[in-house]
Amino acid sequence: MNLASYADLAVDLVNTRHPDGDDLHDLDGLRALLAHRPHLAGRVAHRDLDAMRELRAQLHAIFAAAARGDDDDAVDRLNTMLIHHPVHPQLARHDGPDWHLHFNQAGSVPDRYAARAAMGLAAKIAAQGADRLGVCGADGCERVFIDTSANRTRRYCSERCAGRPSVTAASHREPSCVIVPMRDGGQ
């Protein structure tokens, strides 16, 4: 089991809120988020939707703390989440003779989602550092990402947002100098 791979759950959930809207505006939005995650599937109700929105806010706060360089705050928030949503691993065997670890399937969908996302972020931070968690630097974008660049230089959630600051900067630049020939011959 690659625990760090569960960190993507945190990114996917936080990024359901974006400048164009909120993908968790109803139960169908929550079902869409869970659709390609059979290990997290289950019946969901409005209380689950509310819990997922709260979880989204908690995860965003972890990314925001890490992005501003406050590793202690990010880790304190993450440790609190790990206490509230404990992970219960168990050995399982399917599709072959080897035993491997799985997370227990007990609990509500939001609890299982929170436990896996928190474990993924904890594994990522332990292996690579909290500075790998980021919030998009483009104006108006609050999407999050995990920086996988070799030199830890990622600042934007996407290529689209990476291009936005240069466009914005170009539109706010002072006009270029225009050389106007002098009437008196340049003297």
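The present account deals with the structure reproduced in this document.

The rules behind the values
- Residues numbered from 1 in each chain as written.
- Predicted model: local features only at pLDDT ≥ 70, side-chain atom pairs only at ≥ 80, totals over all residues.
- Heavy atoms only, no water.
- Helix = DSSP H or I, 4+ residues; strand = E, 2+ residues; numbered from the N terminus.
- Buried < 20%, exposed > 50% of the residue type's maximum accessible area, 1.4 Å probe, protein only.
- Contact = heavy atoms within 4.5 Å.
- Disulfide = S-S within 2.5 Å.
- 1 Å grid on protein atoms, 1.4 Å probe; cavity = no way out; pocket = protein on both sides within 12 Å on 5 of 7 lines; lining within 4 Å.
- Points joined across faces, edges and corners; volume = space filled by probe spheres on them.
- Phe/Tyr/Trp six-rings, centres within 6.5 Å; stacked < 30°, edge-to-face > 60°.

So, on to the side chain of Arg-132. Along the chain, Arg-132 falls in the loop between α5 (109-128) and β5 (133-135). Residue classification places Arg-132 among the buried residues on the basis of a relative accessible area of 9%. Apart from residues no more than four positions distant in its own chain, Arg-132 is found in contact with Phe-145, Ile-146, Asp-147, Thr-148, Ser-149, Ala-150 and Arg-152.

On to the state of the cysteines. Two cysteines form a disulfide when their sulfur atoms are joined by a covalent bond. Under the criterion given, the structure shown has zero disulfides. In this structure Cys-161 is not part of a disulfide, and its nearest cysteine sulfur, from Cys-157, lies 3.8 Å away.

A separate point is helix α1 (residues 7-14). Across the eight residues that make up α1, a large majority, six, are buried. Within the sequence span of α1, burial applies to Ala-7, Leu-9, Ala-10, Val-11, Leu-13 and Val-14. Packing partners of the buried residues in α1 comprise β1 (17-18), α2 (27-34), α3 (46-67), α5 and β6 (144-146).

Taken as a whole, the largest pocket encloses approximately 150 Å³ of empty space. What lines the largest pocket is a set of 13 residues, among which Pro-86, His-88, Ala-106, Asp-111 and Ala-115 lie closest to the centre. Residue contributions to the lining of the largest pocket peak at four residues, all from α5.

Its identity as a non-glycine residue notwithstanding, Arg-152 has a phi of 55°, on the positive side. Mapping Arg-152 onto the fold places it in the loop between β6 and α6 (159-172). Judged by relative accessible area, which is 32%, Arg-152 ranks as partly exposed.

What follows concerns the packing of aromatic side chains. Tallied over the full model, the rule gives one aromatic pair. For the ring pair Tyr-6 and Phe-103, a centre distance of 5.1 Å and an interplane angle of 55° mean the geometry is tilted. Here Phe-103 lies in strand β4 (residues 100-103) and Tyr-6 lies in the segment before α1, a separation of 97 residues in the sequence. A relative accessible area of 16% places Tyr-6 in the buried class. The buried category is assigned to Phe-103, whose relative accessible area is 6%.

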